[in-house]
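# A closer look at the structure
The lines below spell out each chain.
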Amino acid sequence: MIESAAIPIREPVADALAGAAAVARGIGRLMARNDIWTIPEMPLVGGRRADLMGIDARGKVVIVEIKVSRADLLGDSKWTDYLDHCDRFYWGLSPDLDRQCLESADFLPERCGVIVADSYDAEILRPAPLLKLAPARRRAEVERLARCAMRRRQVDFDPHCAPWGGEHSG
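Anyway, here's the lowdown on the structure attached to this text. All of these numbers come straight from a predicted model, not from anything done at the bench.

## Side note on the side chain of Lys-60
- In this fold, Lys-60 is placed in the loop between strand S2 (49–55) and strand S3 (61–67).
- Excluding its chain neighbours within four sequence positions, the residues that come into contact with Lys-60 are Gly-54, Ile-55, Asp-87, Leu-130, Lys-132 and Arg-138.

## Some thoughts on the nonpolar core
- If you look at the biggest cluster of nonpolar residues, it comprises 24 residues, and the most contacted ones within it are Met-53, Ile-63, Trp-79, Phe-89, Trp-91 and Leu-102.
- Residue assignment for this core shows that the elements contributing at least two residues are strand S1 (37–43), S2, S3, strand S4 (88–93), strand S5 (112–117) and helix H3 (135–157).
- The element that contributes the greatest number of residues to this core is S4, accounting for three residues.
- Those residues in contact with Met-53 that sit more than four places away from it in its chain are Trp-37, Thr-38, Ile-39, Met-42, Leu-44, Val-61, Val-62, Ile-63, His-85, Glu-141 and Leu-145.
- Core analysis: the second largest hydrophobic core is formed by 14 residues, Leu-30, Val-62, Val-64 and Ile-66 among them.

## Some points on the pattern of salt bridges
- All chains considered together, the criterion is met by 12 salt bridges.
- The partner of Arg-137 in a salt bridge is Glu-141, with the nearest N and O atoms 3.8 Å apart. Of this pair, Arg-137 and Glu-141 both sit in helix H3, separated by four residues, roughly a single helical turn.
- The partly exposed category is assigned to Arg-137, whose relative accessible area is 33%.
- For Glu-141, a relative accessible area of 2% translates into the label buried.
- Here Glu-143 ties to Arg-139 by a salt bridge, and the two come within 2.8 Å at their closest N and O atoms. One end of the pair is Glu-143 and the other is Arg-139, both in helix H3 and four residues apart, which spans about a single turn.
- Taking the relative accessible area as the measure of exposure, Glu-143 reaches 39% and is therefore partly exposed.
- Shared partners join several salt bridges into a network, and the residues in it are Arg-48, Glu-65, Lys-67, Asp-72, Asp-76 and Asp-81.

## Here we look at the packing of aromatic side chains
- Under the counting rule described, the total for this entry stands at six aromatic pairs.
- With centroids separated by 6.2 Å and ring planes inclined at 10°, the aromatic side chains of Trp-79 and Phe-107 adopt a geometry described as stacked. Here the residue Trp-79 occupies a position in the loop between helix H2 (70–75) and S4, and Phe-107 occupies one in the loop between S4 and S5, the gap between them amounting to 28 residues.
- Among the residues examined, Phe-107 registers a relative accessible area of 8% and is labelled buried.

Conventions used here
- For every chain, the first residue of the written sequence is number 1, and numbering continues from 1 onward in sequence order.
- In keeping with the model being predicted, local features are shown solely for residues with a pLDDT of at least 70 and side-chain atom pairs are shown and tallied solely at 80 or more, while totals for entire chains, interfaces and linings include all residues.
- The basis for every side-chain value is the complete set of heavy atoms in the structure, and neither hydrogens nor water enter the calculation.
- Here a strand is any run of E in DSSP of at least two residues, a helix any run of H or I of at least four, and the numbering for each starts at the N terminus.
- Note on contacts: a residue pair qualifies if any of its non-hydrogen atoms lie within 4.5 Å across the two residues.
- Put simply, a nonpolar core is a bunch of buried Ala, Val, Leu, Ile, Met, Phe, Trp, Tyr and Cys residues held in one set by side-chain atoms that sit within 4.5 Å of each other.
- Each residue is assigned to one of three classes by its accessible area relative to the maximum for its type, calculated with a 1.4 Å probe on protein chains only: buried under 20%, partly exposed between the two thresholds, exposed over 50%.
- Salt bridges are defined by distance alone: a side-chain nitrogen of Lys or Arg within 4 Å of a carboxyl oxygen of Asp or Glu.
- Geometry of aromatic contacts follows a simple scheme: Phe, Tyr and Trp rings, the Trp one being its six-membered ring, pair when their centres are within 6.5 Å, and the pair is stacked under 30 degrees between planes, edge-to-face over 60, tilted otherwise.

Rendered as C-alpha coordinates:
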(Lines give C-alpha, C1' and ligand atoms only; values in the text may rest on other atoms or scores of the structure.)
Protein backbone atom coordinates (compact mmCIF):
# COMPACT_ATOMS: atom_id res chain seq x y z
CA MET A 1 0.00 0.00 0.00
CA ILE A 2 1.32 3.42 -0.97
CA GLU A 3 0.96 6.12 1.61
CA SER A 4 0.47 9.65 0.42
CA ALA A 5 1.80 12.73 2.10
CA ALA A 6 -0.74 14.84 0.25
CA ILE A 7 -2.28 17.73 2.09
CA PRO A 8 -6.06 17.47 2.30
CA ILE A 9 -7.85 19.87 0.00
CA ARG A 10 -9.89 22.51 1.82
CA GLU A 11 -13.15 23.55 0.28
CA PRO A 12 -12.85 27.27 -0.58
CA VAL A 13 -16.59 27.88 -0.35
CA ALA A 14 -16.82 26.25 3.08
CA ASP A 15 -13.76 28.22 4.22
CA ALA A 16 -15.30 31.47 2.99
CA LEU A 17 -18.60 30.73 4.74
CA ALA A 18 -16.82 29.90 7.99
CA GLY A 19 -14.72 33.05 7.65
CA ALA A 20 -17.79 35.19 6.99
CA ALA A 21 -19.57 33.68 10.00
CA ALA A 22 -16.55 34.46 12.19
CA VAL A 23 -16.45 38.06 10.96
CA ALA A 24 -20.21 38.41 11.49
CA ARG A 25 -19.87 37.13 15.06
CA GLY A 26 -17.13 39.63 15.90
CA ILE A 27 -19.06 42.49 14.33
CA GLY A 28 -22.22 41.41 16.16
CA ARG A 29 -20.35 41.71 19.46
CA LEU A 30 -19.02 45.16 18.56
CA MET A 31 -22.47 46.32 17.54
CA ALA A 32 -24.15 44.91 20.66
CA ARG A 33 -21.67 46.74 22.91
CA ASN A 34 -22.70 49.92 21.11
CA ASP A 35 -26.45 49.20 21.44
CA ILE A 36 -26.84 48.41 17.75
CA TRP A 37 -28.79 45.20 17.25
CA THR A 38 -28.40 43.34 13.98
CA ILE A 39 -29.76 40.33 12.19
CA PRO A 40 -27.88 38.38 9.53
CA GLU A 41 -28.95 37.79 5.94
CA MET A 42 -31.65 40.45 5.87
CA PRO A 43 -33.62 40.43 2.60
CA LEU A 44 -33.94 43.83 0.96
CA VAL A 45 -36.53 45.09 -1.49
CA GLY A 46 -35.20 44.23 -4.92
CA GLY A 47 -33.92 40.77 -4.07
CA ARG A 48 -30.57 41.61 -2.46
CA ARG A 49 -29.57 40.46 1.04
CA ALA A 50 -27.61 42.48 3.55
CA ASP A 51 -25.05 40.35 5.41
CA LEU A 52 -25.89 42.23 8.64
CA MET A 53 -28.58 44.84 9.05
CA GLY A 54 -29.65 46.51 12.25
CA ILE A 55 -30.88 49.52 14.14
CA ASP A 56 -29.01 51.74 16.57
CA ALA A 57 -30.49 53.28 19.73
CA ARG A 58 -31.65 56.35 17.77
CA GLY A 59 -33.47 54.35 15.12
CA LYS A 60 -30.81 54.71 12.43
CA VAL A 61 -30.42 51.77 10.06
CA VAL A 62 -26.98 50.17 9.68
CA ILE A 63 -25.84 47.69 7.03
CA VAL A 64 -22.58 45.73 7.06
CA GLU A 65 -21.37 43.97 3.92
CA ILE A 66 -18.94 41.20 4.91
CA LYS A 67 -16.00 40.24 2.72
CA VAL A 68 -13.38 37.61 3.51
CA SER A 69 -11.69 37.25 0.13
CA ARG A 70 -10.15 39.76 -2.25
CA ALA A 71 -11.99 38.21 -5.22
CA ASP A 72 -15.34 38.64 -3.48
CA LEU A 73 -14.54 42.22 -2.50
CA LEU A 74 -13.38 43.25 -5.97
CA GLY A 75 -16.07 41.25 -7.76
CA ASP A 76 -19.09 42.70 -5.98
CA SER A 77 -20.53 45.27 -8.36
CA LYS A 78 -23.96 45.54 -6.70
CA TRP A 79 -22.96 46.67 -3.18
CA THR A 80 -24.02 50.27 -3.87
CA ASP A 81 -27.64 49.02 -3.91
CA TYR A 82 -27.36 48.76 -0.10
CA LEU A 83 -26.80 52.50 0.29
CA ASP A 84 -30.48 53.18 -0.45
CA HIS A 85 -31.49 51.03 2.55
CA CYS A 86 -29.38 52.44 5.39
CA ASP A 87 -28.21 55.53 7.23
CA ARG A 88 -24.72 54.05 7.72
CA PHE A 89 -22.88 51.49 5.61
CA TYR A 90 -19.81 49.50 6.67
CA TRP A 91 -17.51 47.04 5.01
CA GLY A 92 -16.86 44.18 7.44
CA LEU A 93 -13.55 42.49 6.66
CA SER A 94 -11.41 39.67 7.98
CA PRO A 95 -8.13 40.90 9.52
CA ASP A 96 -5.93 39.35 6.83
CA LEU A 97 -7.79 40.89 3.88
CA ASP A 98 -5.93 43.68 2.06
CA ARG A 99 -8.20 46.71 2.39
CA GLN A 100 -6.18 49.23 0.38
CA CYS A 101 -8.69 49.10 -2.50
CA LEU A 102 -11.36 50.52 -0.16
CA GLU A 103 -9.56 53.87 -0.36
CA SER A 104 -10.20 54.16 -4.11
CA ALA A 105 -13.05 56.28 -5.49
CA ASP A 106 -14.83 53.10 -6.72
CA PHE A 107 -15.51 52.12 -3.12
CA LEU A 108 -16.87 55.54 -2.06
CA PRO A 109 -14.74 55.94 1.09
CA GLU A 110 -16.60 59.14 1.93
CA ARG A 111 -19.80 57.07 2.32
CA CYS A 112 -18.52 53.79 3.75
CA GLY A 113 -17.04 52.81 7.09
CA VAL A 114 -14.62 49.94 7.59
CA ILE A 115 -14.70 47.31 10.35
CA VAL A 116 -12.14 44.55 10.78
CA ALA A 117 -13.25 41.51 12.76
CA ASP A 118 -12.46 37.98 13.77
CA SER A 119 -14.71 35.58 15.66
CA TYR A 120 -13.88 37.18 18.98
CA ASP A 121 -14.24 40.91 18.40
CA ALA A 122 -14.12 43.78 15.92
CA GLU A 123 -12.71 47.26 15.54
CA ILE A 124 -13.97 50.20 13.53
CA LEU A 125 -11.08 51.45 11.42
CA ARG A 126 -13.10 54.11 9.64
CA PRO A 127 -16.44 55.29 11.03
CA ALA A 128 -19.33 55.36 8.58
CA PRO A 129 -20.78 58.81 8.05
CA LEU A 130 -24.45 59.36 8.84
CA LEU A 131 -26.30 59.84 5.56
CA LYS A 132 -29.90 60.07 6.65
CA LEU A 133 -32.58 58.10 4.88
CA ALA A 134 -35.82 59.85 4.04
CA PRO A 135 -38.20 59.39 7.00
CA ALA A 136 -40.66 57.25 5.00
CA ARG A 137 -37.85 54.99 3.78
CA ARG A 138 -36.39 54.63 7.30
CA ARG A 139 -39.82 53.72 8.67
CA ALA A 140 -40.28 51.07 5.98
CA GLU A 141 -36.81 49.60 6.63
CA VAL A 142 -37.29 49.56 10.41
CA GLU A 143 -40.69 47.88 10.05
CA ARG A 144 -39.23 45.24 7.69
CA LEU A 145 -36.37 44.59 10.14
CA ALA A 146 -38.77 44.26 13.05
CA ARG A 147 -41.09 41.89 11.18
CA CYS A 148 -38.17 39.77 9.99
CA ALA A 149 -36.69 39.54 13.49
CA MET A 150 -40.05 38.66 15.03
CA ARG A 151 -40.76 36.04 12.36
CA ARG A 152 -37.36 34.43 12.88
CA ARG A 153 -37.90 34.37 16.63
CA GLN A 154 -41.37 32.85 16.25
CA VAL A 155 -40.10 30.16 13.86
CA ASP A 156 -37.27 29.35 16.29
CA PHE A 157 -39.90 28.97 19.00
CA ASP A 158 -42.38 27.07 16.80
CA PRO A 159 -40.99 25.67 13.51
CA HIS A 160 -44.54 24.84 12.34
CA CYS A 161 -44.98 28.56 11.64
CA ALA A 162 -42.20 28.53 9.01
CA PRO A 163 -44.47 28.14 5.94
CA TRP A 164 -46.52 31.22 6.80
CA GLY A 165 -45.68 34.79 5.91
CA GLY A 166 -42.07 35.10 4.93
CA GLU A 167 -39.13 37.40 5.36
CA HIS A 168 -39.93 38.94 2.00
CA SER A 169 -43.48 39.82 3.07
CA GLY A 170 -44.40 42.99 4.87
